[in-house]
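# Coordinates in review
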Amino acid sequence: MRSVLLGSVGGVLLGFLAMNPALAADCADANTPVAQLICRDSALAQAVAALDGAAAALGETTDANGRLAIEAQQTLWLSRRNEICPVTPADLTDAKATKARTECLSRSLAARTAQIEAQRAARAKPVADAPLVLSDAAAPRLVPIQARPATLTRPVSITALVGRWAKADPVSRSAIDDCRSSYLEVTREQTVSLVDPRIPGFPVQGRLAATAEFSKGVSLIDANGDAKALLHLEAAETPRLDRLTVRMGAPSTFAASFVRCR
């Protein structure tokens, strides 16, 4: 099963480093900032072990093809985790940054572990066979269910994007950045700044392209009119609960969720 520690194939990573020579060996070879942060934090190491254990237990409930599917899910989650909770070498020497990255990783690991455990519980739950009862009584008349009107949401337009947005956890939708050094900002003139000193190639600046179908997203274009990213607003009943997703165009793989800065 694919481990979430270093992203390598080599079995489940269990326990603390001092209690597990195999894990200690993996940590000695940790060559990425996120792996080094996990290795030196016992709580994160425990969270990784819990996730790897849950994935292994889920794999025991299925066949080889099912285990390949689980590993593919883990690979996709690992990619999203690294985008949502990026860790740079500088973060490892900054106490405040280390705390923020550790909390982000902890939330992400816990949420993924809960998802996998829910899948295993659903597979283990037996399906009750309802007894078949024959009767010569007349079948009950089915009353048609009245269709409910579609839920109305507030009308929004491109101006709803105006403001400063913070990167958010996709599960809890809580902000994971401070809106000062890392943020997305859209001005009333529809210029856009995507700022994050931890990501190569940033900041990204441009403007919003005119669009006739706002519900399908708005392109961020550069001075030459080339599309750099797609912004999509998930409007809530009130603006403060809106969520904005941003996906950079190829060759970039950056994608993230944002909430309004408080």
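Now for a description of the structure that goes with this document.

## Some thoughts on the overall build of the chain
Helix and strand counts for the chain come out as 5 helices and 8 strands. Taken over 262 residues, the chain has a buried fraction of 39%. Taking all contacts inside the chain whose residues are at least 6 apart in sequence as the whole, residues at least 24 apart take part in 50%. Taken as a whole, the chain presents about 15,600 Å² of accessible surface, with 57% of it coming from carbon and sulfur.

## Looking at the packing of helix 3 (residues 42-59) against helix 4 (residues 64-84)
It is the contact of helix 3 with helix 4, at a shortest axis distance of 9 Å, that shows an interaxial angle of 155 degrees. In terms of their interaxial angle, helix 3 and helix 4 are classed as roughly antiparallel. Pair helix 3 / helix 4 crosses with right-handed handedness. Residues Leu51, Ala55, Leu58 and Gly59 of helix 3 lie in contact with helix 4, whose contacting residues are Arg67, Ile70, Gln74 and Trp77. Of the residues in the contact of helix 3 with helix 4, the class split is 5 nonpolar, 2 polar and 1 charged.

## With respect to the pairing of strand 3 (residues 191-195)
Two faces belong to every sheet, and in a regular strand the side chains alternate between them. Judged by how many residues are buried, strand 3 sits mostly within the fold: 4 of 5 residues are covered. Joining the antiparallel neighbours strand 2 (residues 183-186) and strand 3 is a turn of 4 residues, in which Gln190 adopts a positive phi near 70 degrees. In terms of strand pairing, strand 3 meets strand 4 (residues 204-208) through 4 bridges, oriented antiparallel. For Val192, the partnering residue across the bridge sits in strand 4 and is Gly206.

Parameters and conventions
Residues numbered from 1 in each chain as written. Predicted model: local features only at pLDDT ≥ 70, side-chain atom pairs only at ≥ 80, totals over all residues. Heavy atoms only, no water. Helix = DSSP H or I, 4+ residues; strand = E, 2+ residues; numbered from the N terminus. Buried < 20%, exposed > 50% of the residue type's maximum accessible area, 1.4 Å probe, protein only. Contact = heavy atoms within 4.5 Å. Areas by Shrake-Rupley, 256 points an atom, 1.4 Å probe, with all protein chains shown as cover. Axes fitted to C-alpha atoms, helices over the stretch in contact; angles between N-to-C directions. Parallel < 35°, antiparallel > 145°, perpendicular 65-115°, else oblique. Left-handed = near helix turned anticlockwise from the far one by under 90°. Nonpolar A, V, L, I, M, F, W, Y, C, P; charged D, E, K, R; others polar. Pairing = 2+ DSSP bridges.

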